[in-house]
Amino acid sequence: MSDSNLSSIAIAAESTFGTAPTTGFKTFRYTGESLNFNISNTQSAQIRADRNVNELVRTDASASGDLNFELSYGTLDDLLEGLLCSTWDTNVLKNGAVAKSFSIEKNFGAGVTNPFHLFKGMTPSSMGLSVSAGDMVTGNMSFLGKTMATAASKQNSSAIAAATTSSVMNAVNNVAVLTEGSTNMLGVGSDKVMSLDISIENNLRVRNSIGTLGATSIGMGQFVVTGSMSVYFASGGVFNKFLNNTDSSLSFQVSDGTNSYTFLLPKIEYTGGQVVAGSTNSDVMAEMEFQAKYDATSANQCTLKITRA
């Protein structure tokens, strides 16, 4: 029997889609996972006089699932490159169009037959990030991939690199900046934010071909960033931007005191908004929904920009 507290995950970037490297694996810090190998079988349509099914044929296979995490500096840097289909340039990462895939290996620990489950061709398809008052900064990253195999020994030919040791960031002490348009939402007298959620979607698709079980490659769709924000209703400034169809921007920085990430959506449009007094003895909240758009200004030229420091 295996215990989840004895399991671990290691990740390495692939040079070729679906081909696992033998070096470069790093231990990944996670709070849960749902990586799975999916097999599709097609039932034979042959007619038998005894009513029995003659055959099941394996016709498709794919790997997919999520990694859940608490945000910490350095832990996601490689995966963020895959998610944004780009590369860090002087500690700045902007969304691009170069697909990146990873090999992800689960180790279920000693006492298990073939404890290593190696997922190949795992391409980041989406990520959710949640910043909520009184809680950790949490998220999950979803993957779409090619295949999975089990083994008695790890894929990495040498010792797997240790996990990062940076502090987990929270929404109490570690949110250093939160700016909507030109308004500092952390400032005195500003409309305060209770929660902020960001969703990044690559709209990936599996490409199948004759003679190959599983994906031969992963196709990329539009890069779409959406989000929602719960704002204590005071000035009504954010809600008025929704009513007037006024473009804005959104930036927030999370810092552990030494290291930080700044997430910038340079151009957003509010796609939904409501202000409701829902019950007695409660606050009136502006529940806002938004979508990021491409910003063509020379300083950005992107939909999402992440700066690490």
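Details of the structure are given in the entry above.
## Points about the overall build of the protein chain
Link 1 in the chain: Each helix and strand counted, the protein chain has two helices and 20 strands in total.
Link 2 in the chain: The dimensions of the protein chain, computed from C-alpha atoms along their principal axes, are 75 × 50 × 45 Å.
Link 3 in the chain: Contacts in the protein chain between residues at least 24 apart in sequence constitute 67% of all its contacts with a sequence separation of at least 6.
Link 4 in the chain: As displayed, the protein chain has an accessible area near 15,400 Å², and 48% of this comes from carbon and sulfur atoms.
Link 5 in the chain: Side chains of the protein chain carry 19 positive and 25 negative charges; the gap between the two charge centres is 8 Å.

## A look at the pattern of salt bridges
Link 1 in the chain: Applying the stated rule across the entire model yields seven salt bridges.
Link 2 in the chain: One salt bridge connects Glu33 with Lys106, and the closest N-O pair in it is separated by 3.2 Å. Here Glu33, found in strand β3 (residues 32-33), pairs with Lys106, found in strand β7 (residues 102-107); they are 73 residues apart in sequence, far enough to count as distant.
Link 3 in the chain: The class of Glu33 is partly exposed, set by a relative accessible area of 29%.
Link 4 in the chain: The salt bridge partner of Lys293 is Glu269, with a shortest N-O separation of 3.0 Å. Separated by 24 residues along the polypeptide, Lys293 in the loop between β19 (285-292) and β20 (305-308) and Glu269 in strand β18 (residues 260-276) bring together distant segments of the chain.
Link 5 in the chain: Since its relative accessible area comes to 28%, Lys293 is described here as partly exposed.

## Looking at the nonpolar core
Link 1 in the chain: Counting residues in hydrophobic clusters, the biggest one holds 58 residues, and the most contacted among them are Leu196, Ile198, Met229, Leu250, Leu265, Phe290 and Ile306.
Link 2 in the chain: In this view, Met229 contacts Glu180, Val193, Ser195, Leu196, Val238, Leu250, Tyr270, Ala286, Glu287, Met288 and Phe290; residues no more than four positions away in its chain are not counted.

## Details of the packing of aromatic side chains
Link 1 in the chain: The tally for this structure, following the rule as stated, stands at five aromatic pairs.
Link 2 in the chain: With a centroid separation of 6.0 Å and 45° between ring planes, the pair formed by Phe239 and Phe242 is classed as tilted. Of the two residues, Phe239 and Phe242 are both situated in helix α2 (residues 237-243); the distance of three residues between them amounts to about one turn of the helix.
Link 3 in the chain: Take Phe242: its relative accessible area is 24%, and that puts it in the partly exposed class.
Link 4 in the chain: Judged by centre distance (6.3 Å) and plane angle (85°), the rings of Tyr270 and Phe290 are edge-to-face. Here the residue Tyr270 occupies a position in strand β18, and Phe290 occupies one in strand β19, the gap between them amounting to 20 residues.

## A look at the side chain of Ser125
Link 1 in the chain: Mapped onto the fold, Ser125 is located in strand β8 (residues 116-132).
Link 2 in the chain: In this structure Ser125 touches Ser142, Phe143, Leu144, Ile200, Glu201, Asn202, Asn203 and Leu204, once residues within four positions along its chain are discounted.

## Overview of the environment of Ser130
Link 1 in the chain: Turning to its location among the elements, Ser130 is positioned in strand β8.
Link 2 in the chain: With 66 residues separating them along the chain, Ser130 and Leu196 place their C-alpha atoms 6.1 Å apart.
Link 3 in the chain: With near-sequence residues (within four places) excluded, Ser130 lies in contact with Met136, Val137, Thr138, Leu196 and Asp197.
Link 4 in the chain: Here the side chain of Ser130 touches Asp197 through a polar contact of 2.9 Å, side chain to side chain.

## Describing unusual backbone geometry
One can expect most non-glycine residues to show negative phi and most peptide bonds to be in trans.
Link 1 in the chain: Phi is positive for Thr90, close to 50°, though the residue is something other than glycine.
Link 2 in the chain: The class of Thr90 is exposed, set by a relative accessible area of 69%.
Link 3 in the chain: Of note in the backbone geometry, Gln301 takes a positive phi value of approximately 50° without being a glycine.
Link 4 in the chain: Residue classification places Gln301 among the partly exposed positions, given a relative accessible area of 46%.

## Here we look at the environment of Ser199
Link 1 in the chain: Within the secondary structure layout, Ser199 lies in strand β13 (residues 193-201).
Link 2 in the chain: What makes Ser199 partly exposed here is its relative accessible area of 33%.
Link 3 in the chain: Expressed as a C-alpha distance, the spacing of Ser199 and Ser130, which sit 69 residues apart in the sequence, is 8.9 Å.

Reading the values: the criteria
- Residues numbered from 1 in each chain as written.
- Predicted model: local features only at pLDDT ≥ 70, side-chain atom pairs only at ≥ 80, totals over all residues.
- Heavy atoms only, no water.
- Helix = DSSP H or I, 4+ residues; strand = E, 2+ residues; numbered from the N terminus.
- Contact = heavy atoms within 4.5 Å.
- Areas by Shrake-Rupley, 256 points an atom, 1.4 Å probe, with all protein chains shown as cover.
- Lys, Arg positive; Asp, Glu negative; His and termini not counted.
- Charge placed at Lys NZ, Arg CZ, Asp CG, Glu CD.
- Salt bridge = Lys/Arg side-chain N within 4 Å of Asp/Glu carboxyl O.
- Buried < 20%, exposed > 50% of the residue type's maximum accessible area, 1.4 Å probe, protein only.
- Core = buried A, V, L, I, M, F, W, Y, C linked by side-chain atoms within 4.5 Å.
- Phe/Tyr/Trp six-rings, centres within 6.5 Å; stacked < 30°, edge-to-face > 60°.
- Polar contact = N/O pair within 3.5 Å; in protein donor to acceptor, adjacent residues only side chain to side chain.

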